[in-house]
Amino acid sequence: MKNQMKRIVSRVLLVAFVFTFAIVLSLSGLPNSGGDGPKSAAVNQGEKTESASVKYAMAASDSKTDDTITPEYSSFKELQGKNFGILTGAPFDELVSKHIKGAKFSYYDSFADILLALKAGKIDAAVNNSAVALYQSNTDEDLALMEVPLQEMYFGIAFNKGDKEAEKWKKALDEVGEEEIEKLWKIWLGTDDSKKKIPKQDWPGKNGTVKVAQLDNLEPMSYRGDNGELQGFDPAVLLTLAKHLDVKVEFEGMELSALLPYVASGKADFAMGSMLINADRLETMDMVPYHSGNLQLVVRSKAAGKKMESEKGFKGAISKFKASFKRTFIKDNRYKLLTNGLLATCIIAVFSGIFGLIFGFILVYLARLNNVIINGIIRVLEEILVGLPAAVILLVLYYVIFGRVTISAIIVAVIGFMLMFGVKTYSVVKSAILAVDKGQMEAALSLGYTETKAFTKIILPQAKKIFFPLLKGQFVVLIKDTSIVGFITVIDLTRAGDLIRSRTMEAFFPLITVAVFYFILIKLLSWLITFIDKKISARVKHNKRLEKYKEEC
């Protein structure tokens, strides 16, 4: 046991060394993104081309650099045949194709991933609403906003088709008035962070509670701030309307692609998250417009000019490293997102593993009954759960089977992985049992054992030597597979890293931290499984010796 612990510790130290080495290598190459201050030239672009809806964003007086930032592309013609980054679920591809011939598209789940791909040269332009596009170009000198907007559109709150609640919220918007909405717009697209606070729900809520599917990774419109709480222009507007209607709001944060399915399945009353109104969405949803905004392109900037002396050399790299670390872990208590995500991952993995083992052995027992119907059901279950991707199974469970049921997404994840792990357990144990010589059973029966006792005392212990290492490997796979639970709105370790990247627009610290956490978690849980198995085996051997001793006495 001590040797095993030494191996685990040595591996953890190895990962720590690799992590430290990667940091040293990255000191001179950290992207200068997610800074505290905007750049003036991008603001001037916005003032030239933006509608009144974004005129408040990033005032030129708040600029902290005099460098000239110009876009790599300045016309649609230059972008012909280029690759564009699109948010999954956003109806931007058709609009881009109308203006730019031969446009190609790559789809991403977050705008942070799009911008990282843009800066890495994997795509040539990013598409989003003008508020987000201007905000990000103003906070990253590697990015610039194209002068020509694609199209003016409106943000809308999405309700199920024919939902009478839409009229109530539309009336509330009219009564609150455009002036109040514009005031919120000015605050959330401005640079004074002290004013960026969503209203506290201190009203009585006499008219009930509404559950809202809310986008959670698109700053400054709707994102997770302090302690993972939703912030941004969209939640601020919604809570202002809720106060006017005297209703409480229960937010459920998720990615853009999940918003409309979440509402359609009945899990939320409506959805909000910078969704632009278009014909396709109006076919299936009723949408209440609450603000206008252009569709804009973000491209790479040309040479940003000479960098400040403080940013040069090793000292400059150290300074950027510290700033990156602070943005990733310290600012807005973002480390809590990672710790809470790690806890969610552990809960899902442990409970799925325990219940999956029980379920798998139940299937093994049922299969031994040799009932044609039961065996047929088990084969169908095995074909479905092994033959389909885990993400598809989770989505079907969450949006179809439990679509109209009020149930935690974590519970659905546990159920899904329990079923998948249980079927794998059944397959592995069944194969191990078949590998045991049939003569063992015949010999046990000839000695007077019942079939059940022969199976539990003779066959299963021999099969265990075969299936236990395989099950241990399957449990490691289970932990890795839990990284997809973000598809059903669970904020696990991977999703927490994605949310942090959506705020910092940096990949290094969030991704490396998530990778290290997964490595340590897998090693610790693997060691725990081995430890428990040895303890159980030792206890079984001890009991056998006692039984033998009693028989001899």
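See the structure above.
Residues numbered from 1 in each chain as written. Predicted model: local features only at pLDDT ≥ 70, side-chain atom pairs only at ≥ 80, totals over all residues. Heavy atoms only, no water.

Enquirer: I would appreciate a short explanation of the overall build of the chain in the present structure.
Expert: A count of helices and strands for the chain gives 19 helices and 12 strands. Relative to its 553 residues, the chain shows a buried fraction of 48%. Counting contacts in the chain only where the partners sit at least 6 residues apart, residues at least 24 apart contribute 78% of the total. Accessible surface computed for the chain: about 27,100 Å², of which carbon and sulfur atoms make up 59%. (Helix = DSSP H or I, 4+ residues; strand = E, 2+ residues; numbered from the N terminus. Buried < 20%, exposed > 50% of the residue type's maximum accessible area, 1.4 Å probe, protein only. Contact = heavy atoms within 4.5 Å. Areas by Shrake-Rupley, 256 points an atom, 1.4 Å probe, with all protein chains shown as cover.)

Enquirer: Help me understand the sheet that holds strand E9 (residues 230-231), please; the structure alone is not making it clear to me.
Expert: Pairing between the strands of a sheet comes from backbone hydrogen bonds, and it takes one of two forms, parallel or antiparallel. Strands sit in the order E7-E8-E9 across an open sheet of three strands; the sheet is antiparallel. The open sheet has two edge strands, strand E7 (217-218) and E9, and neither has a second partner. (Pairing = 2+ DSSP bridges.)

Enquirer: Teacher, can you tell me more about the packing of aromatic side chains here?
Expert: All told, the structure shown has 18 aromatic pairs when counted by the stated rule. With a centroid separation of 6.2 Å and an interplanar angle of 35°, the aromatic rings of Phe-155 and Trp-185 are classed as tilted. Of this pair, Phe-155 sits in strand E5 (residues 151-160) while Trp-185 is found in helix H7 (residues 178-188), placing the two residues 30 residues apart along the sequence. For Phe-155, a relative accessible area of 0% corresponds to the buried category. Here the aromatic rings of Phe-361 and Phe-467 are separated by 6.0 Å at their centres, their planes lie at 70°, and the arrangement is edge-to-face. Of this pair, Phe-361 sits in helix H12 (residues 335-367) while Phe-467 is found in helix H17 (residues 451-481), placing the two residues 106 residues apart along the sequence. Among the residues examined, Phe-467 registers a relative accessible area of 6% and is labelled buried. Taken together, the ring pairs connect Phe-155, Trp-185, Phe-233 and Tyr-290 into an aromatic cluster. When the ring centre of Trp-203 is taken as reference, the NZ or CZ atom of Lys-248 above it lies at 5.9 Å. (Phe/Tyr/Trp six-rings, centres within 6.5 Å; stacked < 30°, edge-to-face > 60°. Lys NZ or Arg CZ within 6 Å of the ring centre and 35° of its normal.)

Enquirer: Looking at this model, I keep getting lost on helix H5 (residues 130-138). Mind explaining?
Expert: Every α-helical turn comprises 3.6 residues, leaving residues that sit three or four positions apart pointing alike. Counting buried residues along H5, nine of its nine residues qualify, which places the element largely inside the surrounding structure. All buried positions along H5 are accounted for by Ser-130, Ala-131, Val-132, Ala-133, Leu-134, Tyr-135, Gln-136, Ser-137 and Asn-138. Backbone nitrogen of Ala-131 and a side-chain oxygen of the N-cap are separated by 3.1 Å at the start of H5; the cap is Asn-129. (Polar contact = N/O pair within 3.5 Å; in protein donor to acceptor, adjacent residues only side chain to side chain.)

Enquirer: Sorry, what's going on with a nonpolar patch on the surface here?
Expert: Residues Leu-343, Ile-347, Val-350, Phe-351, Ile-354, Phe-355, Ile-358 and Ile-362 make up a contiguous nonpolar surface patch of about 660 Å² in total accessible area. Looking at the secondary structure, you find Ile-354 in helix H12. (Patch = residues over 30% accessible without salt bridge, like charges linked within 9 Å, V, L, I, M, F, W, Y side chains within 5 Å. Salt bridge = Lys/Arg side-chain N within 4 Å of Asp/Glu carboxyl O.)

Enquirer: Explain the pattern of salt bridges to me, please; I cannot follow it from the model alone.
Expert: Where charged atoms of side chains with opposite charge meet at close range, the side chains can pair. Taken as a whole and judged by the stated rule, the model has 12 salt bridges. The partner of Asp-286 in a salt bridge is Lys-161, with the nearest N and O atoms 3.5 Å apart. You can see Asp-286 sitting in strand E12 (residues 285-300) and its partner Lys-161 sitting in the loop between E5 and helix H6 (165-176), a full 125 residues away along the chain. A salt bridge links Lys-168 to Glu-165; the shortest N-O distance between them is 2.8 Å. Here Glu-165 and Lys-168 lie together in helix H6, a separation of three residues that amounts to about one turn. Through salt bridges with shared partners, a single network forms among Asp-216, Arg-224, Glu-255 and Arg-495.

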